[in-house]
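Structural description and commentary
In case you want the letters, here they are:
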Amino acid sequence: GSPEEDRKAVATLDTEFQAAVKNHDVATIDRILHDDMILILGDGRVVTREDHLAAAREKEILYEVQDEDPGTQVVRVAGDTAVVTARLWLKGVREGVPFDRRLWFSDTYVRTPKGWKYFFGQASLRMPDLPGG
């Protein structure tokens, strides 16, 4: 497709991925993730494809919110590579401990014979709280 069609497709896919994580949708997470996918967290921890799938299966985190803040998503496409950046709002409970934070992330997608796949991600540390909440 054209670069604009690719941008729209990847934007939609990344939003779908965030919703799948929120809803523990293992099938959708499995479909979107590249076989060699990794995510580097702000503190340096590495989350693999299998870690993502296990967290969804085991419902390690109960999300109230796991959404990109409106208007923050930007998708850049260069050939068969696309990078999504956005601010993510995370709110929920993990191991009985509530959390409510925002962070920035970059997700890299690559075009494969099976379509766009989420290949590499990097997330910032928690951002300072926004004024007013």
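Right, let's walk through the structure included here. Quantities reported herein were computed from a predicted structural model and do not represent experimental measurements.

**Some remarks on the packing of aromatic side chains**
A full pass over the atoms with the stated rule returns three aromatic pairs. Relative to Phe99, the ring of Tyr63 lies with its centre 6.3 Å away and its plane at 85 degrees, an arrangement referred to as edge-to-face. Of this pair, Tyr63 sits in strand E3 (residues 61–68) while Phe99 sits in strand E6 (residues 97–112), placing them 36 residues apart in sequence. Look at Phe99 and you get buried, because its relative accessible area is 13%. Residues Tyr109 and Tyr118 carry aromatic rings whose centres are separated by 5.3 Å and whose planes lie at 25 degrees to one another, so their mutual orientation is stacked. One exposure class covers both Tyr109 and Tyr118, and it is buried.

**Quick notes on the pattern of salt bridges**
Taken as a whole and assessed by the stated rule, the structure comprises 13 salt bridges. Here Asp67 and Lys22 are joined by a salt bridge, their closest N and O atoms 3.7 Å apart. Here Asp67 is found in strand E3, whereas its partner Lys22 is found in helix H1 (residues 3–22), with 45 residues between them in sequence. A relative accessible area of 33% places Asp67 in the partly exposed class. Two residues, Glu64 and Lys91, come together in a salt bridge whose shortest N-O distance is 3.7 Å. Taken together, the residues Glu64 in strand E3 and Lys91 in strand E5 (residues 81–94) connect sequence positions 27 residues apart. Take Glu64: its relative accessible area is 52%, and that puts it in the exposed class. Through salt bridges that share partners, Asp30, Asp35, Arg49 and Glu50 make up one connected network.

About the cut-offs
Residues numbered from 1 in each chain as written. Predicted model: local features only at pLDDT ≥ 70, side-chain atom pairs only at ≥ 80, totals over all residues. Heavy atoms only, no water. Phe/Tyr/Trp six-rings, centres within 6.5 Å; stacked < 30°, edge-to-face > 60°. Helix = DSSP H or I, 4+ residues; strand = E, 2+ residues; numbered from the N terminus. Buried < 20%, exposed > 50% of the residue type's maximum accessible area, 1.4 Å probe, protein only. Salt bridge = Lys/Arg side-chain N within 4 Å of Asp/Glu carboxyl O.

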